Amino acid sequence: MLRAVQTGPVIGLLGQLAVLSAVAGTVGLGATGWLAGTACGLLTAAALVHGLSRSGSGVLGAANRVTLTRATLVGGVTALVADALLGPANVAAVVGLAVVALILDGVDGWVARRTGTASALGARFDMEVDAFLILVLSAYVAQSVGPWVLAIGAARYAVWAACWVLPWMRTPVPPRYWRKPVAAIQGIVLTAAVAGQLPGAAINVAIALAMILLAESFGRDVVWQWRQQRVPRPEGAETVATSPSAA
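Residues numbered from 1 in each chain as written. Predicted model: local features only at pLDDT ≥ 70, side-chain atom pairs only at ≥ 80, totals over all residues. Heavy atoms only, no water.

**Here's the deal with the overall build of the chain**
And then number 1: Counting secondary structure elements, the chain contains eight helices and zero strands.
And then number 2: Reading the chain from its N end, one meets helices and strands in the order α-α-α-α-α-α-α-α.
And then number 3: In terms of overall dimensions, the chain is globule-like: its C-alpha atoms have a radius of gyration of 19 Å, near the 18 Å expected for 247 residues.
And then number 4: Here the C-alpha coordinates of the chain stretch approximately 60 × 50 × 35 Å along the principal axes.
And then number 5: When each of the 247 residues of the chain is scored for burial, the buried share is 39%.
And then number 6: Contacts in the chain between residues far apart in sequence, at least 24 positions, make up 79% of those at least 6 positions apart.
And then number 7: Just so you have it, the chain exposes about 13100 Å², and 70% of that area is on carbon and sulfur atoms.
And then number 8: In the chain, the 16 positive side-chain charges and the 10 negative ones have mean positions that sit 4 Å from each other. (Helix = DSSP H or I, 4+ residues; strand = E, 2+ residues; numbered from the N terminus. Rg over C-alpha atoms; globule rule 2.2 N^0.38 Å. Buried < 20%, exposed > 50% of the residue type's maximum accessible area, 1.4 Å probe, protein only. Contact = heavy atoms within 4.5 Å. Areas by Shrake-Rupley, 256 points an atom, 1.4 Å probe, with all protein chains shown as cover. Lys, Arg positive; Asp, Glu negative; His and termini not counted. Charge placed at Lys NZ, Arg CZ, Asp CG, Glu CD.)

Below is the structure:
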């Protein structure tokens, strides 16, 4: 079991280093980029080891392997954006990697449904990769559009932090398809902003609309969780969602 649990994360880390090497050989990559990209690979590997161990699963399914590929591409985007903090960015490379990652975002879910391998771990892995890509892209776009764009990238992590302060926000929300298109819209709009092919006013409007959709999506879940506090439960009953250990 230990060997099986470690195989997927190790392959992912090696894949991350391969992506960074390809980026370095094609467009160049500085020390900052290498450090940021390698950190992404290590963090992903550690998170997968933890997730696989908790789920009791020994291997990554086909859909999770697609998501892992996406994670290595996001690591490449992170490396390029980190380098851009100290010098000019290779916009074409950032956009290229982000576009492929966004396309694959629709593939992993399809694979999970076709192979019958959908799981809580896969859903969480997919969500975290989406959230981190959005965070990295928003950090890059904020340099030209303004710091207000960071609100898009920080939204997921702000909700996560709030869960530690407000126990009722740990209540699992019911499945809702709308979350997936909203996340995809954030990535598409931010990637378009990175490409810089649209007028500034159009990009600002598109980002603002994307932010409104994101706020509506998160807000609907938070309102639902708040209302669950008032739902009467049988005496002595306690769900896993409200248990401190569930966080």
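**Some remarks on the environment of A18**
And then number 1: Along the chain, A18 falls in helix α1 (residues 2-26).
And then number 2: Residue A18 is classed as partly exposed on the basis of its relative accessible area of 46%.
And then number 3: Placed 203 residues apart in sequence, A18 and D221 show a C-alpha to C-alpha distance of 38 Å.

**Structural notes on the environment of V107**
And then number 1: With respect to the helices and strands, V107 occurs in helix α4 (residues 91-115).
And then number 2: Residue classification places V107 among the partly exposed positions, given a relative accessible area of 29%.
And then number 3: Along the primary structure V107 and A63 are separated by 44 residues, whereas in three dimensions their C-alpha atoms are 7.9 Å apart.

**A look at the nonpolar core**
One recurring pattern in soluble globular proteins: nonpolar side chains tend to sit buried together.
And then number 1: Judged by nonpolar contacts, the single largest core of 49 residues is most densely connected at V77, L80, L137, V141, L190, V194 and I207.
And then number 2: Put simply, the parts of the chain that give this core at least two residues each are α1, α2 (31-55), α3 (62-84), α4, α5 (120-145), α6 (150-165), α7 (179-195) and α8 (200-228).
And then number 3: Sort the elements by how many residues they give to this core and α3 lands first, with eleven residues.
And then number 4: Dropping the residues within four chain positions of it, L190 is found in contact with I134, L137, S138, V141, V149 and I152. (Core = buried A, V, L, I, M, F, W, Y, C linked by side-chain atoms within 4.5 Å.)

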